[in-house]
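Here is how the chains run, residue by residue.
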Amino acid sequence: MNRSFSWKKALFIVLLLLFALWFPRLVDAYFLHLAVTFFLAMILASSWDILARTGQVSVGQAALFGIGAYTAALLFKWVHLSPVLGMLAGGVVSVVVAALLGYLTLRLRGIYFSITTIAFAEALSVIWLMTPAVTGGAMGLSTPPLFGGDRQQAYYLILGILIFCIGVVWMIEASRLNFAFTAVRENEEVANVMGINPTRYKVLAFMISAFFTGFAGGFYSHYNTYIIPYEVFGLGISIACLVMPIFGGLYTIAGPLIGTMIVKVIEEYLRVTVSYGHQIAYGLILILVVLFMPDGVMGIWRNKVLPLFRTVSR
Amino acid sequence: MSLLEINGLTKHFGGLAAVQKVSLAIDLGEIVSLIGPNGAGKTTIFNLLSGVYLPDEGEIRLDGEDLVGHRPFEICRKGVGRTFQIMQPFPHMTVLENVVTSGLFGQVPRVPMRMAEGEARELCRWVGLGEKTGVYPRNLPVADQKRIEIARALAVKPKLLLLDEVMSGLTPTETSEAIKLVRQLRERGITIFLIEHVMKVVMDISDRVVVLHHGEKISEGPPGQVAHDRRVIEAYLGEQIENSGE
């Protein structure tokens, strides 16, 4: 939980930021699109990790993602709401749903909450299929291309949201919330006796997580121009949300981001070479992490790589 | 006036009566020990007091205010701090962070982070962990882990402190240090209710002793008097005979 500030770190972040801002001028449309999908996934990974900090494993982030996606798409269809406002609305509606679902289910512990989230996402998918008059049903919904198809603008929008998301995580780490989240994760009963209302902080974490996941869903629907319930409420998204941060390293700022980078590169490579290959990748990565690297990439970096440099510098 | 008043407190687990119609009162500034053979219901009473369990019957009043039905975090903020029999520090927090956490959330009104940290440092120094604030609990001996428990319970600025076997497993030197600590706590105006197995400690520091057996209160009074109570001796010796028969 220690926060160390160093000029080296600050310089690195500034350089990274400048590179991210300059990036669209350096690459072609394919890589720009890839960067957008990476950033989108990073937001999902980071926001899943926010909830994980309270010890809750959501296996139904797709519910929030799908709600965000459909909120944005439906608002466009009904009232031609501008896409960015639609995404914002997607985030807000997701927060409301998370608050309601959270208050009902986050009194449950561990596995029970996880199962409820899976069921909730699946239930939403079924509800969407059964009400085609309102939701478009299995045919899905389509929207015109975001920013008239200008990928650069889409890139900067999602980059902005990602930076906002990282900023929020950073603020959580620096605040008293960090103590509450960690205490609830490590021992809920003791935290309770020490004056922490566990349900309150779990719901709060779920709501913060829901905002970014919902916003990402809204962005996806406009960026992709087409959504179907099977996909946006699908287990695939829920699994992706948790594999990336677990692989990268939980409860850190960099972990989910690095995990996403690596998983997405593997996924993209397999997508091109093997059909459905990316789904195999998720399964394999999860097994490897659980067996061999419980603290993810960040754990290996901290425990194996950094000590090497220390001995060298002596 | 009594700080804590318990009336007819009863708790069943299935068919087992863990606590039966227990009544007692603790005055402001008192040190009261709760003793009894294993399984007498001592920790259950602490769990009822701190809101971990809901009593089947009876009332618990702190400063006249009913605590029954309030959740643990609410009771904590009303001024009840407690330690756990099995030490449960947060493993991925340093000693200081452990203490800061309860200081941040257990106090009313809430204090800013910097103040909570200052208070936690002071408490760590006071319980004898001043040099070890940056250490993780798993790297500390039992006595120090108990100190964390005490510092954490104190960080909520309790009126009433519940100490669940903080002396067990300590060496004689550590025990006498701990006794000194408890006495100092009383001088700070904290009322103390403790569960204890170490009889030397009980006789040394208690103003009064409450004896529990099979969930019922069988005796109460000054330590010297309780030690000679026929029912108390029977409860303990009876247990010993049963044990030796195993």
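Each chain has its residues counted from 1, running along the sequence as written. Chains carry letters and ligands carry numbers; both start at the beginning, A for chains and 1 for ligands, and go up in the order they are written. Only residues with pLDDT of 70 or above have their local features reported here, since the model is predicted, and side-chain atom pairs are shown and tallied only from 80 upward, although totals for entire chains, interfaces and linings are computed over all residues.

**Let's talk about the overall build of chain A**
For the record, the criterion: Numbering of helices and strands runs from the N terminus; a helix is a DSSP stretch of H or I covering at least four residues, while a strand is a stretch of E covering at least two. Each residue is classified by how many other C-beta atoms fall within 10 Å of its C-beta atom, where C-beta atoms are placed from the backbone; a count of 20 or more means buried, 12 or fewer means exposed, and values in between mean partly exposed. Any two residues are considered in contact once their C-beta atoms, placed from the backbone, lie within 7 Å.
Counting secondary structure elements, chain A contains 15 helices and two strands. Dimensions of chain A along its principal axes, counting C-alpha atoms only, are 65 × 55 × 35 Å. Burial analysis of chain A (314 residues in total) assigns 46% to the buried set. Pairs at least 24 apart in sequence give 76% of the contacts found in chain A among residues at least 6 apart.

**Details of the overall build of chain B**
For clarity, the cut-off: With C-alpha atoms as the basis for the radius of gyration, the globule rule is written as 2.2 Å multiplied by the number of residues raised to the power 0.38.
A tally of regular secondary structure across chain B gives nine helices and ten strands. Scaling as 2.2 N^0.38, a compact globule of 246 residues should have a C-alpha radius of gyration of about 18 Å, and chain B matches this with 18 Å. Taking the principal axes of the C-alpha coordinates as reference, chain B spans close to 55 × 40 × 35 Å. Counting all 246 residues of chain B, 44% fall into the buried class. Taking as baseline every contact in chain B between residues at least 6 positions apart, the subset at least 24 positions apart corresponds to 64%.

**Details of the pairing of strand 8 (residues 191-195) of chain B**
Residue and element names in this part refer to chain B. For clarity, the threshold we go by: By the convention used here, strands pair only if DSSP detects at least 2 bridges between them. Clockwise travel from the first strand over the helix to the second, with the strands pointing away from the viewer, marks a crossover as right-handed.
Where burial is concerned, most of strand 8 is hidden: five out of the five residues are buried. With burial as the criterion, each face of strand 8 is covered, one bearing Thr 191, Phe 193 and Ile 195 and the other bearing Ile 192 and Leu 194. Pairing geometry for strand 3 (residues 31-35) and strand 8, over four bridges, is parallel. Bridge pairing in strand 8 links Leu 34 to Ile 195. Across five bridges, the pairing between strand 7 (residues 160-164) and strand 8 is parallel. Looking across to strand 8, one finds that Asp 164 is bridged to Ile 195. Running through helix 6 (residues 172-187), the crossover from strand 7 to the neighbouring parallel element strand 8 is right-handed.

**Here we look at the packing of helix 4 (residues 83-105) of chain A against helix 10 (residues 198-224) of chain A**
All names here are of chain A. Condition: Helix axes are fitted only over the stretch in contact, all axes being lines through C-alpha atoms; the angle between N-to-C directions runs from 0 to 180 degrees. Take the far helix as your reference; a near helix turned counterclockwise from it by less than a right angle gives a left-handed crossing, and one turned clockwise gives a right-handed crossing. The residue classification treats Ala, Val, Leu, Ile, Met, Phe, Trp, Tyr, Cys and Pro as nonpolar and Asp, Glu, Lys and Arg as charged. All others, Gly included, are polar.
Remark: helix 4 packs on helix 10, axes separated minimally by 7 Å, with the N-to-C direction vectors making an angle of 145 degrees. Of the two possible hands of crossing, helix 4 and helix 10 adopt the one that is right-handed. Considered class by class, the residues forming the contact of helix 4 with helix 10 number 17 nonpolar, ten polar and one charged.

**A word on the sheet that holds strand 5 (residues 65-66) of chain B**
Residue and element names in this part refer to chain B. Strand order in the open sheet formed by four strands is 2-1-4-5, with antiparallel pairing between adjacent strands. Edge positions in the sheet fall to strand 2 (16-27) and strand 5, since each has one partner strand and no second. Here helix 1 (residues 42-49) sits on the sheet and contacts strand 1 (2-13), strand 2 and strand 4 (57-62); the angle it forms with strand 2, its principal contact strand, is near 65 degrees.

**Examining the interface of chain A and chain B**
The interface is formed by 16 residues belonging to chain A together with 23 residues belonging to chain B. In terms of residues, the side of chain A that touches chain B owes the most to one element, helix 8 (residues 176-186) of chain A, which gives six residues. Partitioned by chemical class, the residues of the side of chain A that touches chain B number eight nonpolar, five polar and three charged.

**Comments concerning the nonpolar core**
Note the threshold: One nonpolar core equals one set of buried Ala, Val, Leu, Ile, Met, Phe, Trp, Tyr and Cys residues connected by C-beta atoms within 7 Å. Domain boundaries shown here were taken from an automatic or database domain assignment.
A:Leu40, A:Ile43, A:Ile158 and B:Ala151 are the most contacted members of the largest nonpolar core, which totals 162 residues. No other element matches helix 10 of chain A, which puts 14 residues into this core. Each of domain 1 (2-79 + 160-245) and domain 2 (89-157) of chain B accounts for three or more of the residues forming this core. Leaving out residues up to four positions away in the same chain, A:Ile43 has contacts with A:Ile161, A:Leu162, A:Cys165, A:Phe212 and A:Ala216.

**Some details on the domain arrangement of chain B**
All names here are of chain B. Each assigned domain of chain B is listed here: domain 1 (2-79 + 160-245) and domain 2 (89-157). The C-alpha-based centres of domain 1 and domain 2 are spaced at 24 Å. Counting residues at the interface gives eight residues for domain 1 and ten residues for domain 2. Contributing elements (two or more residues each) for the side of domain 1 that touches domain 2: helix 2 (72-77) and helix 6.

**Quick look at the pairing of strand 3 of chain B**
Looking along a regular strand, one sees the side chains alternate between the two faces of the sheet. All names here are of chain B. Burial runs high along strand 3: four of the five residues are buried. With four bridges connecting them, strand 3 and strand 9 (residues 208-213) associate as parallel partners. Bridging across to strand 9, Ile 35 finds its partner in Val 211.

**Topic: the sheet that holds strand 10 (residues 216-221) of chain B**
All names here are of chain B. Taken together, the six strands give an open sheet; going across it, the order is 6-7-8-3-9-10, and neighbouring strands pair in mixed fashion. In this open sheet, the two strands that pair with only one neighbour each are strand 6 (80-82) and strand 10. The sheet shows a mean angle of 20 degrees between the axes of neighbouring strands, taken without regard to direction. Strands in contact with helix 1 are strand 3, strand 6, strand 7, strand 8 and strand 9; relative to strand 7, the strand with the most contacts, it is inclined by about 145 degrees.

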